[in-house]
Every structure is written in C-alpha cells, then in structure tokens.
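Residue-level listing of the chains:
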Amino acid sequence: MIDLKALAEDAAYRAGAIRKGFDSADVDRLNALNEGFKASLAATESLRAESNAMSKAIGNAAPEERQAKIAEAGEFKTRLQESEESLAGLKTEMETLALTVPNPAHETVPDGGEDDYRVEKEVGEQTPEPKFNHAELGEHLSIVDTKKAVAISGSRFAYVLGDAVRMQFALVQWMMDRLSKHHFVPAVVPVLVREDMMVDAGFFPGDRDSVYELERDELFLVGTSEVGLAGLHRGERLDVDNLPLRYVGYSSCFRREAGTYGKDTAGLFRVHQFDKVEMFVYSHPDRSWDELELLLQLEEETFQQLELPYRVITVAAGDLGGAAAKKYDVEVWIPSEGRYRELTSCSNYTDFSGRRMGTRIKTDDGNVAVHTLNGTACAIGRTLLAIFENHQNADGSLNVPKVLQPYCGGLEVIEPR
RNA sequence: GGAGAGAUGGCAGAGUGGACGAUUGCGUCGGUCUUGAAAACCGUUGAGCCUACGGGUUCCGGGGGUUCGAAUCCCCCUCUCUCCGCCA
C-alpha cells in the first residue's frame, strides 16, 4: 500500500509511481477520491456523534420521555445510514484503486523498462563455452532428470539426483553458516498461505496469475519464502532497539510461469518448483538503504566464493514490480548462452509491505511502518546450473566449488555414473 | 473427520443490553523512601482514522444482523483448546 498522503502532497513520490508506469490520471482520480472520502468521513462522523448523544440521552431520560426520544432517534438513524452507505462506497472505490498503485521508484533507479537496466559492475572473467550446456550436463552426469519429471508432473519440473543433491544441501548449509555471522535468524516457513497474506506481502493483486491456487482450501502456494517471512510480524509493533531484524528462510517455491511458453524450456533454469534460501530484513526507515547494500554485498560474495563470473544491474523503474522501490539483480555468466542470467536479486520495499502488514515501529514521531527488504541468498536450481556451466572440465566432468567441498564430504569432482 | 469449550488491552483475567474503551492483578514508565538497589507506597500506562488541534470517531478474533443504544443478543467465518478417530 502506498502512502496516500505523500501521493497527494509529495511531487517526487508521485513521480516515482508514474515512472513505474502508473497512469497519472489515475493518481488524480485517487487523490480526488481520497478528498471526497475525507469529507464524507467528517460528515458521517458528526452525524454519528449526534446519534450517540441521542442514545445516551435515552438511557438517562425519565421513563415518560423515553418513547418520544426513541422515535426521534429512530428517524435520525436513517440519515446516518444513508451517509454511512455513501462513505462505504467511496472507501471501497478508493481502496481498490489504491491497492493497484505501485511503490514509487527510488530516485537512483533508471527510467524505462526491461532493457533499460544500468550495469553497476562486472566481476570475474567470462568462462569460455563448455562441452555441454547445463541441461545436457545434468543428463550426462545423471544428476538432473527432466524427462522422468515431465512424465509425472508435466513440463517445467525436474528431478535433482545424486551428487547434485549433495551440492544442494551443501549450498543451503554454507549459506546458513555465512548468514548466521550477520545475525540472520533461520526460518522454515509455510508455503501455503491465505489470500490476505499474498496481498499484504505485496504480491496481490499484481502477480495473481503467476501463483498457484488451491481453490478448495482457499490457499495459495508461495513463489518465495518472502511471503512467510513478511508475515512473521504482522500487526506487531517492533522495538527500535531490536532492529534490524534479519531472517533467512528456506522453502520450496512454486511458480506458474504463465506467459513464458517456449522460454528456457531445458533443464533447471525455469521450473515450476524449486528450492530457495531467502534473506529478509525488517529495517528502521533511516537504515533501509544501507541494508539493501548489505544484501547486495552478501549476494556478490556468494558468487565470488563460488568462483562464478557475474555482473550487477540496477533494474529500471518499469521492470520493478509493484512492491520494490529499487532492485539489484545479480546475473551470472552462462557461457553456453553467451550472456548473463539472473541468479539472485535484492529489493527494498521501503514501507510498502510494512504498511499493509501493520508492522510498525515506535518512534518519537509516533508509530511508522517498518521498511522491509528481501534478497535471494541462493536460488538452488539456478546456482547448480551456473556451477554446471562454469566449473565443467573439457572431458565433461564437473568440479565441485572449493567452498562447497567440506559440505559435500570432501567431494571434488563429479564424474558420469 | 466426529463431540464439546473458548477468543477481551504487553500478559493474566473480570464483565451477559445504557454508568464500559472497558474492574482487577502482573508488567511498563515516573515519583517518594534509600549511599545505591530491592521491598513498600503514590501516580502513570491500548491502538487506528479525521481534525477548523477545541475535539470527533472507530476498534473487545473477522464479517453480517437485531436495537434509539451491543464486549454483552442472533447468524456466518476463522482460529485456539479438550476428548475421540487418523497420522510423519
């Protein structure tokens, strides 16, 4: 949820929403609705005050006066009801529209759409094209099987097998160890959540099509553990002294990938179900931009230590999604494709989700919505795939990255079985 | 899945149609006393929204309803607990 007051009064805030593609006519319409709502609220409340006073008077009235007063109050009530109905109508209209307004882009975010990102840095030397692409290598080493998965679940599912599974849990354990040094509290979160949780976390109504719905139980399968982590302090007031609160979630993630037919059909890159380690931070508003830089730094270190060449981009305003005010993508070099592909990202949602969740902090200026941030610690499927491509030997065997070897029982090389 | 009980402020727990935004206890914060602390005593202490900053209004799990008036009565939903069944 955006800050309606800021949208009306703060030109920069308004401009940030419009840069994300929101119609400026709708901003005007929303502001007008808000004004109308406030006027109607004041009118309704003063009628209500009158009505309350009348009721109170009945309680205190002498018995012989009661009937007359009750009749009078009954007549007055219809006026109040009319006013209440029109107020409710305005409120619904305003809230429905307000929910569609995106969190304004930060001033450091470039204009434009998907292709208008800004490259911040490139690190590492691009690996030459390997013998096998990631999908081929997975089959070659019998550590990924998509054909069998298709038979039981349809396209975009995969089995991860054998030493790849050892690497998967090595990645998880390694991340947990590293993040615990930065006081991230580990969390395994619910992957089935209610609709209002999807709204409050900032995903609905915008991303509804990309989420699996279990209609019979009125539950939704989350696309990221971020949903569960964002809901952890719903309705709470957090103590300033405990901030920042950092969590690291682990869960399976489910995505419908609607509208991506024909894209990335091979291997693990784009599947309906994958496991992910996710960072999530509750921050004081004054500190959230520093926290974003920390998340980025942690993500970069991951690829430095895994010895994967990468670059960092700042995503352009039009490609940010509803909730993020700013987002970095960290893209790893995929030599078989000759391009960088997104492996992790981190975003500052500022107060967008905190306001919906009712997660607030007590400050000298009263209670304010907490800022929330999230960042991918490790999207496991894509990380495995990047390792397949970048650590492949000429003979088609695969080197286990050095930092993961201790977590894989000393395993150094994966050979065909 | 079946049967029953419940949901009230930071926590515990009263309140069953008008005096209740809510008794009380604990906790919180401030003070008295004390070299300091504890104890004791005195006081303080929920949140949202609107505001011409005087105030107004809403909130007792959520949503509807009855009534001039609802924490209290009625309906629906959600959740929690107990017993049975099932189960990693």
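What counts, and where the lines are drawn
- Residues numbered from 1 in each chain as written.
- Chains lettered and ligands numbered in written order.
- Predicted model: local features only at pLDDT ≥ 70, side-chain atom pairs only at ≥ 80, totals over all residues.
- Heavy atoms only, no water.
- Axes fitted to C-alpha atoms, helices over the stretch in contact; angles between N-to-C directions.
- Helix = DSSP H or I, 4+ residues; strand = E, 2+ residues; numbered from the N terminus.
- Parallel < 35°, antiparallel > 145°, perpendicular 65-115°, else oblique.
- Left-handed = near helix turned anticlockwise from the far one by under 90°.
- Contact = heavy atoms within 4.5 Å.
- Nonpolar A, V, L, I, M, F, W, Y, C, P; charged D, E, K, R; others polar.
- Pairing = 2+ DSSP bridges.
- Polar contact = N/O pair within 3.5 Å; in protein donor to acceptor, adjacent residues only side chain to side chain.
- Buried < 20%, exposed > 50% of the residue type's maximum accessible area, 1.4 Å probe, protein only.
- pLDDT = per-residue confidence, 0-100.

1. Digging into the packing of helix α7 (residues 163-180) against helix α10 (residues 288-305)
Piece 1. Relative orientation of the contacting elements α7 and α10 amounts to 135 degrees, with a least axis distance of 12 Å. The angle between α7 and α10 falls in the class oblique. Where α7 crosses over α10, the handedness of that crossing is right-handed. Contacts between α7 and α10 involve Trp174, Met175, Arg178 and Leu179 from the former and Leu298, Glu301, Thr302 and Gln305 from the latter.
Piece 2. Class assignment for the residues of the contact of α7 with α10 results in four nonpolar, two polar and two charged.

2. Examining the sheet that holds strand β10 (residues 273-283)
Piece 1. The strand order across the open sheet built from eight strands is β1-β11-β12-β13-β16-β10-β9-β4, with neighbouring strands paired in mixed fashion. A single partner strand is all that each edge strand has here, and the edge strands are β1 (118-123) and β4 (184-188). Taking the axes of each pair of neighbouring strands and ignoring which way they run, one obtains an average angle of 25 degrees across the sheet.
Piece 2. On top of the sheet, α10 reaches β1, β4, β9 (245-254), β10, β11 (310-314), β12 (326-334), β13 (339-348) and β16 (371-379); it is set at about 150 degrees to β13, its chief contact.

3. Some thoughts on the sheet that holds strand β6 (residues 212-214)
Piece 1. Taken together, three strands build an open sheet; the order of strands is β5-β7-β6 and the sheet is antiparallel. Each of the sheet's edge strands pairs with one partner strand only, and the pair in question is β5 (192-193) and β6.
Piece 2. Across three bridges, β6 lies against strand β7 (residues 219-221) in antiparallel orientation. What sits directly across from tyrosine 212, in β7, is leucine 221.

4. Here's the deal with helix α6 (residues 146-153)
Piece 1. In this structure aspartate 145 caps α6, since a side-chain oxygen of it lies 3.1 Å from the backbone nitrogen of lysine 147.
Piece 2. Positive backbone phi, at 100 degrees, marks glycine 154, one or two positions downstream of α6.

5. What about unusual backbone geometry?
Piece 1. Of the consecutive residues leucine 243 and proline 244, the connecting peptide bond is found in the cis state with omega at -5 degrees.
Piece 2. By secondary structure assignment, the location of proline 244 is in the loop between β8 (237-238) and β9.
Piece 3. One non-glycine residue, threonine 350, adopts positive backbone phi at about 40 degrees.
Piece 4. You can see threonine 350 is positioned in the loop between β13 and α11 (352-357).
Piece 5. For threonine 350, a relative accessible area of 11% puts it in the buried group.

6. Some details on the confidence of the model for chain A
Piece 1. Across chain A, the average pLDDT comes to 92, with 99% of residues at 70 or higher.
Piece 2. Taken over the whole predicted complex, pTM reads 0.91, whereas the ipTM for its chain interfaces reads 0.83.

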